[in-house]
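# Structure assessment
What follows is the residue order along each chain.
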Amino acid sequence: RHDSFASFLVERSELAADRSEAVIRAISSGAKLSDALKEGAVNLAGEELLLRLREYTKEKVAQLVGMRQGRYAFYAGKEFAKEIVAVDMAALSPILEGARRSMPAKLFAQSLRAQLREFPYRTAEFGKELVALGLNTNDLKVAMQVSGRHVLGDLLAHGRGDLLQTYSLLWFLALTGTVAFSKSPVGGTAADNS
């Protein structure tokens with residue numbers, strides 16, 4: 001119950017706590033989500049409801065990735081696929097968020113230690129994968145500094161954002177193949193040169 005969509009709305013002060021049980025009962029009885037929310041005096045429908053569902057799904061996936069021990073299990077079968085509502089969202093951003101929640105900056109720093117004197121640059125894949133990466137505005141500002149003209153150590157010391165944000169972002173981008181490292185300065189990004 002505490003991981004339900006109704007609880008998510010209660011945490012955001014969009015649903016009164018005493019009305020959440022009515023919403024959960026309505027959903028359990030098979031009512032459409034928008035109709036169940038009306039039981040709790042919440043008027044969400046259409047794009048606004050989809051936006052809340054995206055936020056809820058992103059939050060729960062980030063929580064899942066960030067958990068050391070979990071309550072969730074992945075089920076490989078497809079027999080319930082028709083009962084699950086598809087929600088379009090950036091596929092990779094919850095991984096970054098979950099990693100930031102559970103991993104210390106030291107872990108990200110250790111994984112990038114060998115590249116501190118190298119020049120990070122955005123690969124041609126960066127532009128192609130930008131939507132799937134789902135970077136927020138602050139992360140995008142940091143990523144745009146990765147030009148291949150400054151060594152990683154300087155970028156970390158003098159760049160935008162705090163160390164956890166920058167280390168984890170560069171770790172994530174290197175993991176996805178959208179950032180690479182060069183021993184010598186790169187005259188622009190690979191995306192700029194193609």
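Residues numbered from 1 in each chain as written. Predicted model: local features only at pLDDT ≥ 70, side-chain atom pairs only at ≥ 80, totals over all residues. Heavy atoms only, no water.

### Things to note about the overall build of the protein chain
Filter applied, for reference: The helix and strand labels rest on DSSP assignments: H or I over at least four residues marks a helix, E over at least two residues marks a strand, and numbering proceeds from the N terminus. Burial here depends on accessible area, computed with a 1.4 Å probe over protein chains only, as a share of the maximum for the residue type. Under 20% is buried, over 50% is exposed, and the range in between is partly exposed. Between two residues, a contact is recorded if the distance between any of their heavy atoms is within 4.5 Å.
Helix and strand content of the protein chain: 11 helices and two strands. Evaluated residue by residue, the protein chain yields a buried proportion of 37% over its 194 residues. For the protein chain, restricting intrachain contacts to residue pairs at least 6 apart in sequence, the fraction spanning at least 24 positions comes to 73%.

### Describing the packing of aromatic side chains
Where we set the bar: Within 6.5 Å between ring centres, the rings of Phe, Tyr and Trp (the latter by its six-membered ring) count as paired, and their orientation is classed by plane angle as stacked under 30 degrees, edge-to-face over 60, tilted in between.
If you walk through the whole model with that rule in mind, you get four aromatic pairs. The interplanar angle of 75° and the centroid separation of 5.3 Å between the aromatic rings of F5 and Y56 together place this pair among those described as edge-to-face. Of this pair, F5 sits in helix α1 (residues 5-11) while Y56 sits in helix α4 (residues 46-66); the two residues are 51 residues apart in sequence, bridging distant segments of the chain. Y56 sits in the buried class, given a relative accessible area of 18%. One aromatic cluster is present, formed by F5, F8 and Y56 through successive ring pairs.

### Here we look at the side chain of R52
Relative to the elements of secondary structure, R52 occurs in helix α4. According to the relative accessible area criterion, R52 is buried, its value standing at 12%. Dropping the residues within four chain positions of it, R52 is found in contact with F5, F8, R12, E14 and L44.

### A few points about the confidence of the model for the protein chain
Note the threshold: One confidence number per residue, pLDDT, is output by the predictor and ranges from 0 to 100.
Taken over all residues, the pLDDT of the protein chain has a mean of 80, while the share at 70 or more is 84%. When pLDDT is averaged over each element of the protein chain, strand β1 (residues 119-122) comes out on top at 95 and helix α11 (residues 190-193) at the bottom at 45. With pLDDT under 50 throughout, residues 189-194 is counted as low confidence; its partners more than four residues away or in other chains account for 14 contacts.

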